[in-house]
Amino acid sequence: DALGELPESSLLYQGNNNNMDQDDLATWMEGASSSLGDWVLGFLDRMYELLRASGEREKTSKTASGVANRHSNSDVQQTRNFSRVMKECLLQVFASMDDATHKQAVRSVTQFLSDESLPAAAKDAASLCQAVAAVRVSKDDDGNEVFASPGLEALVPILCDDVEHQSNKTLVYRLRCLAGAVRTAGAAVAPHQVEIKKALSVAMESSDKHVLKTGCKLLRHLLASQCEAYPVLSTSRPGGDCSLDHAQEYLGKSSQLRLDPVKWHVPNEAELSFACDLLQTHTVSRLKKSMEDKGDSDRVVELRKCLRIIRYTLRGGAGLLIDSGSDDEDSKGTTDKKKKLDTSFVPHEKAVRVLLSSTSESTRASLEVVRKQISLYTVMLLSIIASETTDEEKEAGQVGQFGARLGKDSKICKEVSELCLLLLTRRGANFRCQEGKSIWKAQKQLFGSDYCLSAESDHLVSTLERVEHVGGNGWVQYKDGEDGGKTMPRRLLVARIQLFQEAIQRNASFEIPRRLRRLQQSLKLPQNKLFVTETTMETAFQSVAQSFDNPTFRALDGYEGLIDGLFALSCHPNTQVRAAGIGVIDYALTRYGWLLRSRVPRLLSAISLDDENMKGKFGVPSCSQLSRQKDSQGKRKRLAEVLRGVCSIMTVQRSVKEVMGSEKTRFTFIKTLCETDNALLLMPTEDMQKMVHYFHNIFSPYRSKCYSFPRSSEKNQVTHDATLQYLLDILVREEVKEETTNGDGNGEKSATHWRKKLLVAWFIISGVDKDDYSANRNDLCTALWDLCYDLLENEVGQPLQRMAMGLFGRLVAFGKNLHNESLRTRLPDEKFAKMFSVALVFDHREDTSVGGGHDAQWSAGVEDLLRDATRNVAPRAMFPFIRTGQSSTLMKLSHAQLLDAMLRIGGQETALAATKNLLQRARELAVAPPSEDQRNQQVTAAEILAGCIKGLLFLSTTEQCQEVWEKVLLPFLDEVLPKIPVSLTGAYFDAIRYGIQGSDSAKYLPLVQCIVDQIENSIWQPGDMEVEQSDATDVVGTEGFTLQSKWLYVCSAMLVELDATCNTERFGAILIEGTAQPAYTSLDSSAAWALVQGKLLPRLLNSIGHPYESCRDHISGCLYRIYHYFSRMTREIEALGGGSAPEDQNPIGSIVERFLSISQSGEQIPLRQKYNSMITMRKFISYCTYLGDAKRDFEPIIIKLLPAAFEAVKSNVSVEDGTANAATNTASAEDVAIRTLEADVVKGYRYSIAEVSISCVLSYGKLINISRVLEVAQKASKSDVWQVRQAAAHFVRYFQGGHKFLFSDADAEMTTTLVAGLLADERREVSSAAMAALTGIVAASSDKVIAKLVDKYAIMARKSKMKSKKKKASASAESIATTLSEAEEKTKAQKEKRRALNQQTSVYFLCAVVMANPYETPAYVPAALEAISKHSFERSAPLSVRDTVKKCCGAYKKTHMSDNWEMHRKAFTQEQLEALEDVVSTPHYYA
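Residues numbered from 1 in each chain as written. Predicted model: local features only at pLDDT ≥ 70, side-chain atom pairs only at ≥ 80, totals over all residues. Heavy atoms only, no water.

The next point concerns the overall build of the protein. Helix and strand counts for the protein stand at 61 helices and 6 strands. Counting every position in the protein, which comprises 1487 residues, the buried fraction comes to 50%. At a minimum sequence separation of 6, the contacts of the protein that also span at least 24 residues come to 79%. Surface accessibility of the protein: about 70700 Å² in total, with carbon and sulfur atoms responsible for 50%. (Helix = DSSP H or I, 4+ residues; strand = E, 2+ residues; numbered from the N terminus. Buried < 20%, exposed > 50% of the residue type's maximum accessible area, 1.4 Å probe, protein only. Contact = heavy atoms within 4.5 Å. Areas by Shrake-Rupley, 256 points an atom, 1.4 Å probe, with all protein chains shown as cover.)

Tracing the sequence through the fold places Asp 1059 in helix H43 (residues 1041-1060). When its relative accessible area of 4% is taken as the criterion, Asp 1059 is described as buried. Among the polar contacts listed, one links the side chain of Asp 1059 to the side chain of His 1124, at a separation of 2.5 Å. Here Asp 1059 is in contact with His 1124, Tyr 1125 and Arg 1128, once residues within four sequence places are set aside. (Polar contact = N/O pair within 3.5 Å; in protein donor to acceptor, adjacent residues only side chain to side chain.)

Overall, the coordinates contain 53 salt bridges when judged by the stated rule. Here Glu 1109 ties to Lys 1179 by a salt bridge, and the two come within 3.0 Å at their closest N and O atoms. Separated by 70 residues along the polypeptide, Glu 1109 in helix H46 (residues 1109-1135) and Lys 1179 in helix H48 (residues 1167-1187) bring together distant segments of the chain. With a relative accessible area of 38%, Glu 1109 lands in the partly exposed category. Taken together, the shared-partner salt bridges in this structure form one network comprising Lys 635, Lys 637, Arg 644, Glu 686 and Asp 687. (Salt bridge = Lys/Arg side-chain N within 4 Å of Asp/Glu carboxyl O.)

With that settled, the discussion passes to a positive patch on the surface. A cluster of basic residues, Arg 80, Lys 87, Lys 123 and Arg 432, forms a positive patch at the surface. For Lys 123, the position within the fold is in helix H4 (residues 122-133). You can call Lys 123 partly exposed: its relative accessible area is 45%. (Patch = residues over 30% accessible without salt bridge, like charges linked within 9 Å, V, L, I, M, F, W, Y side chains within 5 Å. Lys, Arg positive; Asp, Glu negative; His and termini not counted. Charge placed at Lys NZ, Arg CZ, Asp CG, Glu CD.)

Two strands pair when backbone bridges link them, and strand E1 (residues 136-139) and strand E2 (residues 145-148) are joined in this way by 4 bridges, in the antiparallel orientation. Bridging from a neighbouring strand, Val 137 pairs with Phe 147 of E2. Linkage of E1 to E2, two consecutive antiparallel strands, is achieved through a turn of 5 residues, within which Gly 143 is found at a positive phi near 90 degrees. (Pairing = 2+ DSSP bridges.)

Now for the environment of Thr 184. Mapping Thr 184 onto the fold places it in the loop between helix H6 (168-182) and helix H7 (193-204). Every residue in contact with Thr 184, bar those within four places of it in the chain, is listed here: Gln 130, Ala 133, Ala 134, Val 135 and Tyr 230.

Here it is in C-alpha cells:
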C-alpha cells in the first residue's frame, strides 16, 4: 500500500497494472511488438554474418593438405561457451516473438538456409533451426489450443529436398540443421514423418562416416523430441501465451506456478508410435542385421555402424526404455514380511508406464523389450571380446576370425564400453542437470534482481541508519530472506522445473537398480548368468537369436553381465580400452556397488595368483594360468596387463569400502598385498617398477581410510588374531621364505624383501589396539615386544627400524598397566640404552637428496609408511602451552614423550638406572665426530635429557629430586652444555622446558640454583675492563661469551616454565579445597623465587651492558620473564583477596630505574657500555611489546621508557660536516667503532618506537594513558635534534591511527596542534613526516571541525604571502632614505621569519586537507585549493612551498579530474576553478 501511494516520479514507484486502461495496454503491446519486429530482422542479419564468419575462419585455418589445425583446450572451451550463449540467446529471442514477428523471422531464416550452405558452421546453424522450429501454441478453427511449428513447416521442405543427390558436406549440413529443427518441435513432427524418415534412411545407409554420424544425431534428437517432456518456450516468456484481456495480470509480476499459463510438451500416442517405429527400423533391425553371417570385413564395418546407432539411440530415447518383462512387478508394498523390502516402482518408472499405457498393445510390447535386447546384444559382444582376450594360447579358430578381429579392434571395444555406461547409468536424454543447476543459480543471481529498486532501498536504509531510525518492530527489510529483493522471471521458474524433472531422471538411475535388487531378494529368484568367457561366435549368436524377440532374463541379470564384461575390458591388452573400461566401472559402481561384494575376493585372488580354477570368473582371466604363459619374447606381458586392470579396479572407492567392511576381507586383502612378491618376480623388467606403483595405489586408499572397530563376535576376533599372527610370522628373522626368482620353476631361497617388511610392520601398527593388550593376551603381547626389540637391534639405520619405533611407541602407550615386564627388565640394560639411542638418532633421518631431490621409483609409498609410524611414537602433546613457542625445529618432542612414558612404566629405581645409561649414551652423542648424522646425534642427546628429566621428576619425591639433580642430571648438563654448538642451544632450551613443565618449583630447585650460580660466577660485569676493551666476536669457547650465552638461554627456559606454573604451586590447594584465603605476607615463599629475586635479578641488571649481542638478547628476555612472573603472581593474589604486593619486591621498579639511569648517565660510564645497555633496553621494550599485555605492561614499562627511547634517537655525529661533538672528537679506530655502535642504536630505536606505536593498542586500558603518551610525544617534538622531532611525527601518525576512536576532544586537539607545529620545521624530513601524519588526522576528523580549521589557515595563508618589493621612485629617494637602526632590522627579520613560518604551516595544513580526500570533494576542499593556489608562484612563496602546492594540486587532478569530474566540479565556484586551473593547467607559449 505504501508503495502504491508514492508519486510516479519516485524510483520506488512500480505502478498499478489494474488501473491501466485497456486501450493503452493494447497500444503499448502493439508498439512493443512493432519495435521488436524491426529489431529481430537486424539481429538475424547479425547472426548470419557470424555464421558466415565462422565458416570462413574454419576454412582458412586448414593447412595446405586439407587437415584441420589443432586447437588448444582454451580455444575449444571458448568456442563451446560461445555456441552455448548464442543458442540460449536465439531460443529466448524467438520465444518472445508474437505471431507476426515470428513469420517474418521464419521467412528470413528460410531464405538464409536456401541460399547458402555453411558446413563449417553446422552446429551453430542447428541452434538457429532449433530456435526457429520450436513448438508454439496456436488455435485451430474451433478456437482450441494446439501445438504447431511454423518454422518446422517452412524448414523441412528445404532441408529434406533431394537429400539423396547432395554432396556429403551439404548433406551433413542439412541433416545437422534438421536435427536441430526437430529437437523441440514435439507433435509438429508428425505431419513430416515421411520426409524426415527418408532423410534419416539416406544417412543411415551412407558409407561416409560423417554422414552416418550426423544421421545418428538426427535419430537422437528425433527420439528425444518425441519421448521427452519439455516446456513450450513461447509460453515461458514474460506474459506467457496469455491474451490481451489477461495480460495485465502477469506483466511486471514475479512468476508463480499456480497462475502462469506455462504449457508443457508431453508425448502423445502418435509421437510414441513414431518413436517406436524409429527404434524398430533403425536400431532393432540393425541389431539383427549385424548378427547375420557375412564376410569378416563387412561384419566389422556393420558392427561399428550398429554400435554407433545404438549409442545415439540410448542418448535420445533412454527415458522411454524401461525394465519390463519379469521385472514388471509392482508389489505396491512389501513382498517379504520379514525383510520388509519396498519393491514399488520409482516415480520415473510410474510416469513412463503412464505414457506407455496410452499407446497400442503392440507399441507398448515393442518398447518394453528394447532395453533388454540392447543389454543382451552388448553382453554377447563382451563375451566374445573376453573369450578372445582371456589368454594367448587360444587359437583364432575357437572364436572365429571375426571374433579375433572383434577383440583386437579398439574402436569397437570402446563403443561397447560407452554402451555399458549408457545402459547402466542413463535414464533420460538429459544428463547434465548438476551443471545446469550451477548455471541456473548464476542466472538467478544475475536476472532475478531489480537493480534500481535495490539501489534505492540501500540508499534509504543507509540514510535511516545514520540518524538511528531503522530496525523497529514493524519493519520488514526489503532484502529479508534468502530470495529477498528478487523477482523470479517466468523463464527462470520454468527452467528450474525442467531441472527438477532432469534430476528425477538422474535419481532414477540410482533408485531403479536398488529396487531391482530388493525385488530379487524378496522373491529369492535364481541368478541367470548371461556373461560367459568360454564361447564361440556361433554359440553366442545362436543364444542371442533364440531369446532376442522375447527375452526372459531379469534386467538385473543383464546389468550384472555388463559389469562382468566391463571387468573383462579392464583386463584388455589395449591400454585405451583398459582405461575406458575402468572409467565406466568407476562410475557404474555408484549405482551397482553391492555387486563388488562377491567380486572383491576374486580380484584379490587374481593379484595373489591364487585363481587356478577361476578362469573367466566375473570376466577376469586366470592370473595363475597366465603366469605360465609367455609371449614370443619370453615375457609375461599378458599377465602384467591383467594385473594392471585388476589393480585399477581395486583402487575404486567402492572396492576399498568393501575391503574395509569385515575382518575376513581385511585379512584377505592383507595377505594379498603381503604376497605380491611372486607377481613382481614374474613381471618383465620394464613392467616391474610400474607394478610397484600399481600395488601401492591399492594400498594407499586403504591406508587413508583405515579404521578400527570393536569385534563383537568370536569369529571376528579369531580372524583378527589370525591376521596378527600371520603378520608376525613374516617378520621373524629366522624364517626364510622359498620364492622363485624366475619363471623356470627352479626354487631358490631368499630373504623377505624390505618393502614387504615395511608393509607388514604398517599393518601390525594399524591393527594392534587396546583389546589386543588385555589381560588374557600374554602370548601375543610377548611376541610384539620381542619383535620390537629384534627390529630395533638388527635393522640399524634401515626404514624398518623407524617402523619398529612406531610399534614400540604404540605398545608403550597401551602397556602402562599390563604386559610391561619385558620393558621393565630391559630398561636398566646398557645394551638396550645403546640400541634405543641409536634408533632415536636414525628416526631423524630424511634423505631427500636421492635423484636430485626426486623420489626414486622404488620408494613409492615408503615416505607415507614412515610418516604413519612416526605419528605412533607418542601421542600429541599440548606443548608448548603458552605463547613462547618451540625454539628448535630439529628436536622431536615425540622422542622425549616416549622416554618419559618408558621411565614411568619402569618405576623410580628402574628409571634412575635407565637414566644413567641413557645419559651416558647422550654424552657420547653430544660430542659425536663430524658425519652426516652428527646433527641428529646432538639433537637426540637433548631429547634424551628432556625425557629423563620429565620421567624422573614425575616418579621422584621432592627429597629424591634433590639427589637426582645433583648426581645424575646436573653433571650431564655441566659437561655437555659447553661442548654443543651454539646453533643447537635451542634444542636444550626446549628440553629443559619440556622436562620441568608442570612440575613444582621445589622439584627443580637444584636446577635453578645451578643456573643462578653459573650466571653469577661467569657473566660479564662492568668492571671487566680487559674483556670490555677486546673484540667480543673473538672471545669464544668454554670460558667466553659463548658459554655465558648458553647458560642465559637455559635460564630463560627455566623462567618461562616457572612463570607458567606459578598459579599451580601457590593457589592450587586453596582453589580445590576451598580453605580460607591467607593474608598476604610475601609474594612467594619458594626458594626458587628467592634465588631469582635475590641473586639473578641484580646480576642481570648489572650486566645489561654486555658486549656480546646474544647475551644482551637473553638478558633482556630473562628480565622480562622475571617481571612477568611477578606481575602474574600479583594479579592472582589480588584476585584471591590477598591485597597488593609490596613495592620492594616489585622487580619492574629496579629494571626501569636501571635502564633510565643508563640513558641519563652522560659521561659517568664508557660510551661502549652505555650503547650496549641501550640496546638491551631496546630489546626489553620489544619483549614487552610483542609478548606483554598492553593493558598491564604499557603503563609501568612502556610509558616510563618511551622518553628514553626518543632520547636514544639523538645522534652525536653531525651530518653536515661529518665531525663528532666534544665528547667524541677523536679520529681513532675506537671512535669509529663507537660511531658504528651509535648508528645501530639510533636505527634500532627508530624501529622500537614504530613497534610501540602500531602494536600497543590501549583499547581496554586507562584512557588517561593516551594523554600521557601524547605528552611524551609533544615533549619529543620540541627537541633540538631533528631526528627526534621526525620520530615524534611518525609516532603520532601511527598512534593516532590505532586510537583515533578513543581520543577525547582534548586529545584530538592536542594531536592536531602537535603535528601542525611541526609543519614549519626547518628540516624537510620533519615537515614531510608531519604533513603525512596530519593527512591521517584530517581523514579521521569530522567535516565541521576541519571546515573551521580550513577557514583559519586559509586566512593565515592569504596574509603570509611574500610581498613583492616596490621599485624606488628615484635615485634621490635612495639618498635621503635613512639607515634603519639595528633594533628595527631585528624586528623586521623576526616578522619575516614569523611570516615564513605561518606560510609554510598554513600551506602544508591546507595541502594535507586536500590529500586527505582522494575520492571526495567536501565543501572545504575548494576553499583550500583556492588558498594554496596563490602560493604556487615564485613571487609569493619559496621553492619548498611551491613544490608542495604543485604536487598537491597535481594529485587532486589525477584522482578527481577524470570520469567523475562533472560531479566534483559542482562544489567549486568560478573563482575557485580559475585558481585551480592556474596551478594544474599546462603553460602555453602564447599565453
